[in-house]
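# Working through the structure, step by step
What follows is each chain in one-letter form.
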Amino acid sequence: MTAPGVLPRRAAVIVFLAFAFAYFLSALVRAVTATLAPTLSQEFSLHASDLGLLAGGYFLGFAATQLPLGTWLDRHGPKKVALGFLGVAVVGSLVFSVATGFSGLLAGRVLCGAGVSACLMAPLTGYRRWFEPTLQMRANSWMLMTGSLGMVASTLPVQWALPLVGWRPLFWVLAALIAVSMVVIAVWVPAWGAATPRADGPVSPAGATEGAQHGYAMVWRHPYFQRLAPLGFFVYGGMVAMQTLWAGPWMQRVAGYTPLEAATGLFWINVSMLCTFWTWGMLNPWLLRKGLGADRLMAAGLPLCLVVLLGTIVAGPRAGGGAWALFCMSCTFVSLSQPAVAMAFPQALAGRALSAYNLVIFAGVFVVQWGIGLAVDAFAAAGLSAVQSFQAAMAVYLACNAGAYAWFLLRGRRHNVLQTTAP
């Protein structure tokens, strides 16, 4: 029997495509600074720490909205909230396009980050009600695949367009496309009604009522949320930080790539991520039916990213785009944590649980992006070469990832955290 609120297949596909278009654009806006880094550095005389802050400004704006976003999603639903936030993204793109200094660039990035901050949380909140559990896992992976497609579009296509039109008109086009995505969501996404209890929810309706009354308190105190938080901050956030910024400067300053070669490297990194998330979407329902849930897969798979990062640091100039593609791909095990968090809470708390976890992730992106820039400059000031400065900064990041993974393993054993819901 179909659970209450679950959409028919055709309607579910239409809703997915409507949200996927907006998320594609949000990922393009997020990742474009990696491709524009050489151009912006030259035009505005930016240092490594400036680049880190500029890229991190997007995630600062993104993270600042997450707590109210979760409450609004639970109360007003994905459609209304997404439309309101995307309007801010249009303004942010226009502000960035007319910036005459670093402060203008930073203001535009913060507004863009805040404006697209609902592009993944809104659909995931809706999927918690509209899709069955196996399809939630698949939809999550394929949304991330769509994001990778947006990041692909932010690399070579942007690099080819720069000499023809310049970087400012690119943001005019982005503003127009975001406005189009608002029309698509307004037409195709269903309205939001009161939440109904689902049989797969791990908490009783009484617990859902209590969660609604206490806001985020139940989310922050939940042992499973606490167990995943360091992984979200360092591993998930760090993966995004590498993919959207530091893989590019590493390829140029450590591996000796030209700007075009670095853009090509970013292109293939994002293509590899697109293929990886597509594969996760195909495999997730089968893995769940076999009893291989998110926790078991993350425990088994995440050591791969630690080994790959260690090898990249040791290889130094010999590690280019291929090494960073392999690192990002091996990190994708942590993406399973997002739908797992949603399914660990009842429908009435799904928006807040997802937004709280997303806050952790994007706070991590901001800290890792800016922190690596500060560390690179600090090690350089201490007398290290450019290559050694990057290696030392990445070694600090590796230590943080290893600590987060250890916390995930030990927290689960010590507190006997239950596995998340599986069909």
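Sequence order sets the numbering: in each chain, residues are counted from 1 along the sequence as written. For this predicted model, a pLDDT threshold of at least 70 governs which residues receive local features, and a threshold of 80 or more governs which side-chain atom pairs are given and counted, while totals over whole chains, interfaces and linings are taken from all residues. Excluding hydrogens and water, the side-chain figures rest on all heavy atoms present in the structure.

Let us now look at the overall build of the chain. Secondary structure is summarised from DSSP: a helix means a run of H or I of at least four residues, a strand means a run of E of at least two, and numbering begins at the N terminus for each. Looking only at helices and strands, one finds 19 helices and zero strands in the chain. The C-alpha atoms of the chain give a radius of gyration of 21 Å, which matches the 22 Å a tight globule of 423 residues would have. C-alpha extents for the chain along the principal axes are approximately 60 × 45 × 35 Å. A buried classification covers 60% of the 423 residues belonging to the chain. Accessible surface area values rest on a Shrake-Rupley calculation with a 1.4 Å probe, where residue burial reflects the displayed protein chains alone. Here the chain has roughly 15,800 Å² of accessible surface; of this, 70% comes from carbon and sulfur atoms. With 23 positive and 9 negative side-chain charges, the chain shows a spacing of 9 Å between the two charge centroids. Radius of gyration: over C-alpha atoms. The globule rule applied is 2.2 Å multiplied by the number of residues raised to the 0.38 power. Each residue is assigned to one of three classes by its accessible area relative to the maximum for its type, calculated with a 1.4 Å probe on protein chains only: buried under 20%, partly exposed between the two thresholds, exposed over 50%. We treat Lys and Arg as the positive residues and Asp and Glu as the negative residues; His and chain ends play no part in the count. One atom stands in for each charge, and that atom is NZ of Lys, CZ of Arg, CG of Asp or CD of Glu.

Turning our eyes to something else, we now look at the nonpolar core. Think of a nonpolar core as a cluster: buried Ala, Val, Leu, Ile, Met, Phe, Trp, Tyr and Cys residues, connected wherever their side-chain atoms sit within 4.5 Å. Phe19, Met242 and Phe327 are the most contacted members of the largest nonpolar core, which totals 146 residues. Membership of the second largest hydrophobic core comes to five residues, among which are Leu156, Ala263, Phe267 and Val271.

Any two rings among Phe, Tyr and Trp, with Trp reduced to its six-membered ring, count as a pair given centres within 6.5 Å; such a pair is stacked if its planes are under 30 degrees apart, edge-to-face if over 60, and tilted if neither. As enumerated under the stated definition, the model contains 22 aromatic pairs in all. Geometrically, the ring pair formed by Tyr127 and Phe131 is stacked, given 4.5 Å between the ring centres and 10° between the ring planes. A centroid spacing of 6.4 Å and a plane angle of 75° characterise the contact between Phe327 and Tyr397, whose relative ring orientation is edge-to-face. Taken together, the positions of Phe327 in helix α16 (residues 321–331) and Tyr397 in helix α19 (residues 386–415) put the pair 70 residues apart, joining distant regions of the chain. By relative accessible area, which is 0% here, Phe327 ends up buried. Overall, Tyr397 belongs to the buried group, its relative accessible area being 4%.

Moving on: the side chain of Ser337. Along the chain, Ser337 turns up in helix α17 (residues 337–343). A relative accessible area of 0% means that Ser337 is categorised as buried. Any two residues whose heavy atoms approach within 4.5 Å are treated as being in contact. Ignoring sequence-local partners within four residues, the contact set of Ser337 consists of Leu228, Tyr236, Met298 and Tyr357.

Turning to the packing of helix α3 (residues 66–76) against helix α18 (residues 347–381), a few remarks are in order. Put simply, α3 and α18 touch, their axes get as near as 8 Å, and they point 160° apart. Here α18 runs roughly antiparallel to α3, going by the angle between their axes. Seen along the crossing, α3 lies across α18 with a hand that is right-handed. Residues Gln66, Leu67, Leu69, Gly70, Thr71, Leu73 and Asp74 of α3 lie in contact with α18, whose contacting residues are Gln347, Ala348, Leu349, Ala350, Gly351, Arg352, Ser355, Asn358 and Leu359. Three classes are used: nonpolar for Ala, Val, Leu, Ile, Met, Phe, Trp, Tyr, Cys and Pro, charged for Asp, Glu, Lys and Arg, and polar for all others, with Gly counted as polar. For the contact of α3 with α18, the per-class residue count stands at seven nonpolar, seven polar and two charged. Lines fitted to C-alpha atoms define the axes, with helix axes restricted to the stretch in contact, and inter-axis angles between N-to-C directions lie between 0 and 180 degrees. Angle categories: roughly parallel below 35 degrees, roughly antiparallel above 145, roughly perpendicular from 65 to 115, and oblique for all the rest. Whether a crossing is left-handed or right-handed is set by the direction in which the near helix is turned from the far one by less than a right angle, anticlockwise for left-handed and clockwise for right-handed.

Let us look at helix α2 (residues 48–64). One fewer than the residue count of a helix, multiplied by 1.5 Å, yields its expected span. Taking 1.5 Å as the rise per residue, α2 with 17 residues should run 24 Å; its terminal C-alpha atoms sit 24 Å apart, in good agreement. Of all bends in α2, the biggest is about 30°, found at Gly56. By the criterion of burial, α2 is predominantly enclosed, with 14 of the 17 residues buried. Note on bend: the value at a residue is the angle between axes fitted to the seven residues ending there and to the seven starting there.

What sets the pattern is the α-helix's 3.6 residues per turn: residues three or four places apart point alike. Counted at 1.5 Å a residue, the expected span for helix α13 (residues 259–289) with its 31 residues is 45 Å, and the 45 Å between its end C-alpha atoms agrees. At Leu283, α13 is deflected by roughly 40°, the largest bend along its length, and proline Pro285 occurs up to four residues later in sequence. Trailing α13 by a residue or two, Gly291 shows a phi angle of about 85°, which is positive.

Another aspect to go through is the confidence of the model for the chain. What pLDDT conveys is the predictor's confidence in a given residue, as a value from 0 to 100. Looking at the chain as a whole, the pLDDT averages 87, with 91% of positions reaching at least 70. Mean pLDDT across the secondary structure elements of the chain bottoms out at helix α10 (residues 205–213), with 43, and peaks at helix α15 (residues 303–315), with 98. Low confidence marks residues 196–213, where pLDDT is under 50. Its contacts with residues over four positions away, or in another chain, come to 33 contacts. Low pLDDT (under 50) marks residues 415–423, which in the prediction has 20 contacts with non-local residues, meaning those over four places away or in another chain.

Residues Trp278, Met282, Leu283 and Trp286 make up a contiguous nonpolar surface patch of roughly 410 Å² in combined accessible area. Assignment of secondary structure puts Trp286 in helix α13. According to the relative accessible area criterion, Trp286 is partly exposed, its value standing at 44%. Nonpolar side chains (Val, Leu, Ile, Met, Phe, Trp, Tyr) within 5 Å and like charges within 9 Å form the patches, drawn only from residues with over 30% relative accessible area and no salt bridge. Salt bridges, as used here, are contacts in which a Lys or Arg side-chain nitrogen is within 4 Å of a carboxyl oxygen on Asp or Glu.

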